[in-house]
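Below are the chains, spelled out letter by letter.
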Amino acid sequence: KAQMLKETTKRYQAYLKAQMLKEQENQSSIDQLRKIEEDKIWSKREKEQQDRLDTRNKLWNETDKGRQEQIRMLKEREAKLLDDEKIEAHAHGGNQNELDKIEANKVAARKEAVMLNQMAVKAQGAYSQRLIRRETQEKFLDGKIMNKVEMEHKARLSEMAGQVKVNFPNKHTQWYS
């Protein structure tokens, strides 16, 4: 009976070795396919990130151009106001009351222009904050997706890798004897 058990064990071990060789061959082909799919996913993700970066840079350039245009227009307005003031000062000569009224109107116009400019700058700041929050959220979601993919991959690997049960103990109904 012991000899028969040894032979059975040897045959089972030979079977297991043959099975392991087959699994290694299958695993190498699976690894190659998985590597190809992984490369596709990574190239797609890199392309998406590059597209986002290009869009962000384009938006930054457009915003910068708009801001430079605002600054140029503001300087032109100020220069025109100064020229107008000089012309009006020469035209009115010495009438101080009229000059005071004109000066008060100009100060009010400048304050309004400054307020409008500040509102535009605040709006640009709020927009850039929204962009930053969106980028942060995208990074967070990318991390979550990557963790999920890794967990699924680990689960698949754990399903593929099992343990062979080699011990089949006899069940005893009278364990107290």
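Keep in mind that what you see is a predicted model, and the values were worked out from it rather than measured.

Caption draft 1: Highlighting the overall build of the chain. For the chain, the count of helices and strands is two helices and zero strands. Scored against the burial criterion, the 177 residues of the chain give a buried share of 2%. When contacts within the chain are restricted to residue pairs at least 6 apart in sequence, long-range pairs at least 24 apart make up 69% of them. Summed over all atoms, the accessible surface of the chain reaches about 16,200 Å², with 58% contributed by carbon and sulfur.

Caption draft 2: Layout of the packing of aromatic side chains. Counted according to the given criterion, the structure contains one aromatic pair. Taking the ring centre of Trp 42 as reference, the NZ or CZ of Arg 45 above it sits at 5.4 Å.

Caption draft 3: Looking closely at the layout of surface pockets. Size it by volume and the largest pocket reaches roughly 370 Å³. If you go around the largest pocket, the residues you meet are Arg 34, Glu 37, Glu 38, Ile 41, Trp 42, Arg 45, Met 146, Val 149, Glu 150, His 153 and Arg 156. Sorting the residues of the lining of the largest pocket by element identifies helix H1 (2-92) and helix H2 (96-160) as the ones contributing at least two each. The element contributing the most residues to the lining of the largest pocket is H1, with six residues. In the lining of the largest pocket, the residues fall into four nonpolar, one polar and six charged. The calculated volume of the second largest pocket comes to roughly 270 Å³. The wall of the second largest pocket is formed by 13 residues, among which Leu 59, Trp 60, Thr 63, Ser 128 and Leu 131 lie closest to the centre. Of all the secondary structure elements, the ones that give two or more residues to the lining of the second largest pocket are H1 and H2. At seven residues, H2 tops the list of elements feeding residues into the lining of the second largest pocket.

Caption draft 4: Examining the pattern of salt bridges more closely. Taken as a whole, this structure holds 12 salt bridges when the rule is applied. The shortest N-O distance in the salt bridge between Lys 47 and Asp 51 comes to 3.1 Å. With a gap of four residues between them, Lys 47 and Asp 51 both fall in helix H1, about one helical turn apart. By relative accessible area, which is 54% here, Lys 47 ends up exposed. Across the pair Glu 152 and Lys 148 runs a salt bridge, and its minimum N-O distance is 3.8 Å. With Glu 152 and Lys 148 both in helix H2, this residue pair falls four residues apart, about one helical turn.

Caption draft 5: Here's a closer look at the side chain of Arg 45. Inspection of the secondary structure assignment puts Arg 45 in helix H1. Buried and unpaired, Arg 45 has Asp 142 as its nearest opposite-charge partner, separated by 5.2 Å.

Caption draft 6: View of a nonpolar patch on the surface. Together, Ile 30, Leu 157 and Met 160 give the surface a local cluster of nonpolar side chains, amounting to about 220 Å² of exposed area. Position of Leu 157 among the secondary structure elements: in helix H2. Classification of Leu 157 as partly exposed rests on a relative accessible area of 32%.

Caption draft 7: Representation of the environment of Asn 117. Relative to the assigned elements, Asn 117 resides in helix H2. For Asn 117 and Ile 71, which are 46 residues apart along the polypeptide, the C-alpha to C-alpha distance reads 9.5 Å.

Rules and cut-offs
- Residues numbered from 1 in each chain as written.
- Predicted model: local features only at pLDDT ≥ 70, side-chain atom pairs only at ≥ 80, totals over all residues.
- Heavy atoms only, no water.
- Helix = DSSP H or I, 4+ residues; strand = E, 2+ residues; numbered from the N terminus.
- Buried < 20%, exposed > 50% of the residue type's maximum accessible area, 1.4 Å probe, protein only.
- Contact = heavy atoms within 4.5 Å.
- Areas by Shrake-Rupley, 256 points an atom, 1.4 Å probe, with all protein chains shown as cover.
- Phe/Tyr/Trp six-rings, centres within 6.5 Å; stacked < 30°, edge-to-face > 60°.
- Lys NZ or Arg CZ within 6 Å of the ring centre and 35° of its normal.
- 1 Å grid on protein atoms, 1.4 Å probe; cavity = no way out; pocket = protein on both sides within 12 Å on 5 of 7 lines; lining within 4 Å.
- Points joined across faces, edges and corners; volume = space filled by probe spheres on them.
- Nonpolar A, V, L, I, M, F, W, Y, C, P; charged D, E, K, R; others polar.
- Salt bridge = Lys/Arg side-chain N within 4 Å of Asp/Glu carboxyl O.
- Lys, Arg positive; Asp, Glu negative; His and termini not counted.
- Patch = residues over 30% accessible without salt bridge, like charges linked within 9 Å, V, L, I, M, F, W, Y side chains within 5 Å.

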